[in-house]
Each structure stands twice: as C-alpha cells, then as structure tokens.
Amino acid sequence: MTLLSAIEKIEQRIGNTPCIQLENSGCNLFAKLEFENFMGSVKDRSACYILKSAIKKNLIRPETVVIESSSGNFGIALAAICRKLNLRFIPIIDANTADEKEKLMRLLSYNVIKVTHRDSSGGFLLNRLAILKELLAAYPGSYHPNQYENEDNFLSYYHSLGKEICDRFTELDYAFISVSTGGTITGVSRRLKEKFPNIRIIGVDVEGSMVFQNKPCVRHLSGIGSSQHSTMIRSAEIDDYMILPEEEIIEGCQQLLQQEMIFGGASTGAVYAAARKYLHEHGHECKPALIICPDKGNAYLDTVYNTSWVEKTIHSSNKLIHEIS
C-alpha cells in the first residue's frame, strides 16, 4: 500500500462530527463536537490534510522524519497518523503539555523532545521553535508540517469543518472559535462568510497569549493561545475577539460539564464561557450561535478539573500578582 492510499484510509475516520443544540446555556447555542474525530481533536483535520498534501507533493517519502513543535493535540494527531504510515515522528513539547498527552505521544512517536525552560514571553513556544530548527538540520530531508505558517493548515478547515458547518445550518449569526496557530479560525471564518455574509466571527483567547495582544505573561493552560503573533490569522475574517482570564475558562469547562454533560478541554470551556458572556451582554441570546469544541477534558483531569490544582496554581498565582501590583 502506498503512503497516499494509506492516508486516504485514515482520512475516512476524520470529520462529520456531531453538531448538537445545547439545552441549558440560556442561549440559542449549538456545539460542534470535534473531540469525536480519529484521535480526539479538531487537529486531526489539519494533521491529515497537511501530511496528505506533502505526500502528494513528494515531500514525504517512506524514509522521511516528520518533526513538529506541538503542545498537544496536533502532535498527537501527527504521531498517530505517522505511526499508521510507518513514518518516524518527533514532536517538541513543553512543560504545559498535559501528562496524558505526553504519554500518548511517547507511545506513538519515534522520539519526544520536552522543553522545560520558559522563554522571554513567559511561555515555551519560542524555545520549542529554536530546538525545532536544530532538529531539522540534524535530520537532512526531514519534513516540518509548520502548523504556524503552512496554508494547508487553514485550508484543511476551509474544506472540511467549514463546509460541514455550512451544510448543517441555514441560518447562523455567531461563531465562537478559540485561537492558537490560527488555522481553525482562518479556514472556518472564510468558509462561513461565503454562505453567511453577516455572521460575526468571534475569536477567543486566554490572557497572556500573544495572538491578539502584546502583554505576555505566564500561562498554565495548554490548548489555547500562543507565545507569538500568528501570521496565518491575518487571513482570517474575524469581527471581534474576547480575551478571558484562566479562571473564566476553567469555570466554563466545569459549567459545560455540569449543565450539558460535555466533558471538554480548556479551549472548549473557553468558547462556551465566551459565547454565553458575549451573547448575554449584547442581548442576542435568541440569535443562532455556534461554538467549536476542539477536544475532550481527559487530559485536564489533573488541572482544570482538579480543585486543588486550580487553587494552588491559578488562584494563588493571581493573588500574588495582585499583591505585587
């Protein structure tokens, strides 16, 4: 079996995820459950699309080593697909990567490099990218998916997730989408604007992230935000954005579980909290709105869903900041 035919078989297990109407949000709110994908996240779409495109361009051959910087879901998706394709994969992760995600990547990957020192922005991304450069030089002929700049990232969402949403709705006024590399919101926003010209696309980020602001600070939650400005997001059609403190994101996760029995990760809790807050503040609770739920909460049991960790890591950290200021 060729690499192309093998990845086309994997492709059949990605997409067409459920889209349900939430019952207790107080809004006309729908949720696209992306954690129902192949390896459990929205990043399955971009990982498969990027690798398939590279295979078709002959950038990936059976001997190629795939190397990428990822804090979790994208790395897991790449690791699983590369394992199915018998390709060697090396992810570069960091100290914010959830233990469950790290263990899974170590099970599936050729090797895993972990960054534990924070960079000048207070995050780990810049140090991860520096190591990435070294590894690419150490493995001649290796392939870098480059989720931060590769246009196949946002094209994957334009052609798959965006299309599925357009097919599902005849009317849609709002879409709330969390940001990191910017691939999801760029691809989805461009596709939705074609069918719903008046839809408002709301980007959702976390305090300390550099996607929409210039005030970096230490972040404790993985799966949302970035330590550098996204070049890809410049092509997105975003009407507004919300930057939430980590406490509100955690509360959103817990409320979504208690009220809707949706067990989501940090980015899922973020879009739920943002959507309810935004729609209530604007008096648009009756307007049809959508949140995209990128992944499940399994990897966040020891953090977001752990009262002791939240008190020790989030509340104590914020208390110290307020005392210093």
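Residues numbered from 1 in each chain as written. Predicted model: local features only at pLDDT ≥ 70, side-chain atom pairs only at ≥ 80, totals over all residues. Heavy atoms only, no water.

Going by the annotation in an unreviewed UniProt entry, the name recorded for the protein chain is 2,3-diaminopropionate biosynthesis protein SbnA, with Chitinophaga rhizophila given as the source organism. Comment text from UniProt for the protein chain, heading Subunit (unreviewed entry), reads "Homodimer." (UniProt positions renumbered as here; feature names shortened; annotations may be inferred.)

What the protein chain contains, in helices and strands, is 11 helices and nine strands. Taken against the 2.2 N^0.38 rule, which gives 20 Å for 325 residues, the C-alpha radius of gyration of the protein chain at 19 Å falls within 12% of a compact globule. With the C-alpha coordinates aligned to their principal axes, the bounding extent of the protein chain is approximately 55 × 50 × 35 Å. Within the protein chain, contacts between residues separated by at least 24 positions form 71% of all contacts whose residues are at least 6 apart in sequence. Carbon and sulfur atoms make up 48% of the accessible area of the protein chain, which amounts to about 14,100 Å² in all. Taken together, the 35 basic and 38 acidic charged side chains of the protein chain have centroids lying 6 Å from each other. (Helix = DSSP H or I, 4+ residues; strand = E, 2+ residues; numbered from the N terminus. Rg over C-alpha atoms; globule rule 2.2 N^0.38 Å. Contact = heavy atoms within 4.5 Å. Areas by Shrake-Rupley, 256 points an atom, 1.4 Å probe, with all protein chains shown as cover. Lys, Arg positive; Asp, Glu negative; His and termini not counted. Charge placed at Lys NZ, Arg CZ, Asp CG, Glu CD.)

So, on to the nonpolar core. Within the largest apolar cluster, 41 residues are counted, with the highest numbers of intra-cluster contacts made by Leu 22, Leu 29, Phe 176, Ile 249 and Ile 291. Contacts of Ile 291, omitting those with residues within four sequence positions, involve Leu 22, Leu 29, Phe 30, Ala 31, Lys 32, Phe 176, Val 271, Tyr 272 and Ala 275. Membership of the second largest hydrophobic core comes to 26 residues, among which are Ile 60, Phe 74, Cys 82 and Leu 85. (Core = buried A, V, L, I, M, F, W, Y, C linked by side-chain atoms within 4.5 Å. Buried < 20%, exposed > 50% of the residue type's maximum accessible area, 1.4 Å probe, protein only.)

Strands sit in the order S1-S2-S9-S6-S7-S8 across an open sheet of six strands; the sheet is mixed. Two strands bound the open sheet, and with one partner strand each, they are strand S1 (19–21) and strand S8 (240–244). Neighbour-to-neighbour, the strand axes of this sheet turn through a mean angle of 25°, independent of strand direction. Where strand S6 (residues 174–178) lies against strand S7 (residues 200–206), five bridges are found, and the strand directions are parallel. Within S7, the residue paired with Ile 177 across the bridge is Gly 203. (Pairing = 2+ DSSP bridges. Axes fitted to C-alpha atoms, helices over the stretch in contact; angles between N-to-C directions.)

Here we take up the pairing of strand S2 (residues 29–33). Counted residue by residue, S2 has five buried out of five residues, so it is predominantly covered. Burial along S2 is two-sided: the residues Leu 29, Ala 31 and Leu 33 and Phe 30 and Lys 32 are all buried. Across three bridges, the pairing between S1 and S2 is antiparallel. When the bridges of S2 are listed, Cys 19 appears paired with Lys 32. Where S2 lies against strand S9 (residues 289–293), five bridges are found, and the strand directions are parallel. In the strand pairing of S9, Ala 31 is matched with Ile 291.

The next subject is the environment of His 284. Structurally, the position occupied by His 284 is in the loop between helix H10 (266–281) and S9. Between the C-alpha atoms of His 284 and Met 105, which are 179 residues apart in sequence, the distance is 42 Å. Sequence-distant contacts of His 284, defined by excluding residues within four places in its chain, comprise Tyr 174 and Leu 279.

This part is about the packing of helix H6 (residues 151–159) against helix H8 (residues 183–195). As a packed pair, H6 and H8 sit with axes 7 Å apart at the nearest point and diverge in direction by 40°. Considered as vectors, H6 and H8 are oriented oblique to each other. For the element pair H6 and H8, the recorded crossing hand is right-handed. From H6, Asn 153, Phe 154, Tyr 157, Tyr 158 and His 159 reach across to H8, where they touch Gly 183, Thr 184, Thr 186, Gly 187, Val 188, Arg 190, Arg 191 and Glu 194. Residues belonging to the contact of H6 with H8 are distributed by class as follows: four nonpolar, six polar and three charged. (Parallel < 35°, antiparallel > 145°, perpendicular 65-115°, else oblique. Left-handed = near helix turned anticlockwise from the far one by under 90°. Nonpolar A, V, L, I, M, F, W, Y, C, P; charged D, E, K, R; others polar.)

Looking now at the UniProt feature "domain: Tryptophan synthase beta chain-like PALP" (unreviewed entry) in the protein chain. Here the UniProt-annotated "domain: Tryptophan synthase beta chain-like PALP" (unreviewed entry) positions come out as residues 10–281. Helix makes up 42% of residues 10–281 and strand makes up 15%, while its end C-alpha atoms are separated by 43 Å.

Turning our eyes to something else, we now look at the environment of Tyr 110. By the element assignment, Tyr 110 lies in the loop between helix H4 (99–108) and strand S5 (113–115). Here Tyr 110 falls in the partly exposed class, since its relative accessible area comes to 46%. For Tyr 110 and Ile 90, which are 20 residues apart along the polypeptide, the C-alpha to C-alpha distance reads 5.8 Å. Contacts of Tyr 110, omitting those with residues within four sequence positions, involve Arg 88, Phe 89, Ile 90 and Tyr 139.

Inspection of the entire model under this criterion finds zero disulfides. You can see Cys 166 has no disulfide; the closest cysteine sulfur is in Cys 19, sitting 12 Å from it. The class for Cys 166 is buried, based on a relative accessible area of 7%. Between Cys 253, a cysteine without a disulfide, and Cys 293, which holds the nearest cysteine sulfur, the sulfur-to-sulfur distance is 10.0 Å. With a relative accessible area of 1%, Cys 253 lands in the buried category. (Disulfide = S-S within 2.5 Å.)

Below, the discussion takes up the packing of aromatic side chains. Under the criterion given, the structure shown has six aromatic pairs. Aromatic side chains Phe 30 and Phe 169 sit 5.1 Å apart centroid to centroid with 85° between the ring planes, which places their arrangement in the edge-to-face category. Placement of the pair is Phe 30 in strand S2 and Phe 169 in the loop between helix H7 (161–168) and S6, with a sequence separation of 139 residues. For the pair formed by Phe 30 and Phe 169, the shared burial category is buried. Here the aromatic rings of Phe 263 and Tyr 305 are separated by 4.9 Å at their centres, their planes lie at 55°, and the arrangement is tilted. Note that Phe 263 is positioned in the loop between helix H9 (246–260) and H10 and Tyr 305 in the loop between S9 and helix H11 (307–324), a separation of 42 residues in sequence. (Phe/Tyr/Trp six-rings, centres within 6.5 Å; stacked < 30°, edge-to-face > 60°.)

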